[in-house]
Amino acid sequence: MLRNRVYVPFVQIPAGSVVELPGRGTTYVTDTPGPDRRSPTIVLLHALGCTGLLTWFPAIDALSRRFRVVTLDQRWHGQGITADDFSLYDCADDVAALIDELDLHDVIVAGYSMGGVVAQRVWRQHGDKIQGLVLCSTTDKFQLNLVERGFFTGMGTTMMGLRGLSRSATITRAARAAASAADLAPTDMGEWALAEFRSTSPWAVGQALAALGRHHSRPWLGRIDVPTAVVVTTRDRVIPAARQRALARAIPGATVHEVDSGHAACVLESEKFVPALVEAVATVNARRRDFQRD
């Protein structure tokens, strides 16, 4: 029923492979070349409960006309690393490890929703490895009211009780089996998207939600020293547009690129979102020379 009610754009899904990040684990990565070997790289970080491909597949072709495009599954999502705990700090370290493993250069990191939070932490923890940020449909802090504080606190307590389940080999095998569907050439985009969505367990989503509730980057956003663009989804009911714009105001020199869409614009309204994303990435790339660091 869901497949019949939700529009999923039909595009070519790039092939990927499992990559070993030394000392950290394995994750599923796609690496789409740009127009030439010197093209700058855009590393794409996905939304909560999704995979790298499920969030970004409508945008990869358009971005690859100017950039090398890399996606990965983040911890406990899809075929991402399965550690004992979910940590945004570790997610950012995973991105840095992937940059080293693939020997990526001239790197811009783009993140959608949860991925935008991880992207902020990549700059915070590994700013020397990246040359720009694109933050889409995201924020600098959750828990801004009593309802949100209660939700995230309760989710954190619940996830502590379910931690044993998240370590279960049975659950891990089930998630891996569902994710293996991505290795097939999809004849039905809805079936493929549903398989990608099912490849992340509910326990993983809960742990990630609890971690997002603890995120607070506001004290250090003003120190970001790479060109940054913020893509604002103006009809967003998950992260209101006012918070997204406030994020942009807190980052020195950040540009704002608005999309008349909701929180799932990356897929469900990709015809609006992708042009704004391409504009944002191109703007960051063009401004890199203006942010030369000592």
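Notes on the structure in this doc start here. (Residues numbered from 1 in each chain as written. Predicted model: local features only at pLDDT ≥ 70, side-chain atom pairs only at ≥ 80, totals over all residues. Heavy atoms only, no water.)

## Here's the deal with the packing of aromatic side chains
Within a pair of aromatic rings, the relevant descriptors are the distance that separates the centres and the angle that separates the planes. Per the stated rule, a full pass over the model turns up four aromatic pairs. With a centroid separation of 6.1 Å and an interplanar angle of 85°, the aromatic rings of tryptophan 56 and tyrosine 112 are classed as edge-to-face. On the criterion of sequence distance, the pair formed by tryptophan 56 in helix H2 (residues 52–64) and tyrosine 112 in strand S5 (residues 107–112) is long-range, its members being 56 residues apart. Relative to phenylalanine 273, the ring of tryptophan 56 has its centre 6.4 Å away and its plane inclined at 45°; by these criteria the two rings are tilted. Residue tryptophan 56 is located in helix H2, and its partner phenylalanine 273 is located in helix H12 (residues 270–286); the two are separated by 217 residues in the primary sequence. Across the pair, phenylalanine 273 and tryptophan 56 agree in class, each one buried. Taken together, the ring pairs connect Trp56, Tyr112 and Phe273 into an aromatic cluster. (Phe/Tyr/Trp six-rings, centres within 6.5 Å; stacked < 30°, edge-to-face > 60°. Helix = DSSP H or I, 4+ residues; strand = E, 2+ residues; numbered from the N terminus. Buried < 20%, exposed > 50% of the residue type's maximum accessible area, 1.4 Å probe, protein only.)

## With respect to the side chain of aspartate 93
Within the secondary structure, aspartate 93 sits in helix H3 (residues 88–101). When sequence neighbours within four positions are dropped, the list of residues in contact with aspartate 93 reads Arg24, Gln125 and His126. (Contact = heavy atoms within 4.5 Å.)

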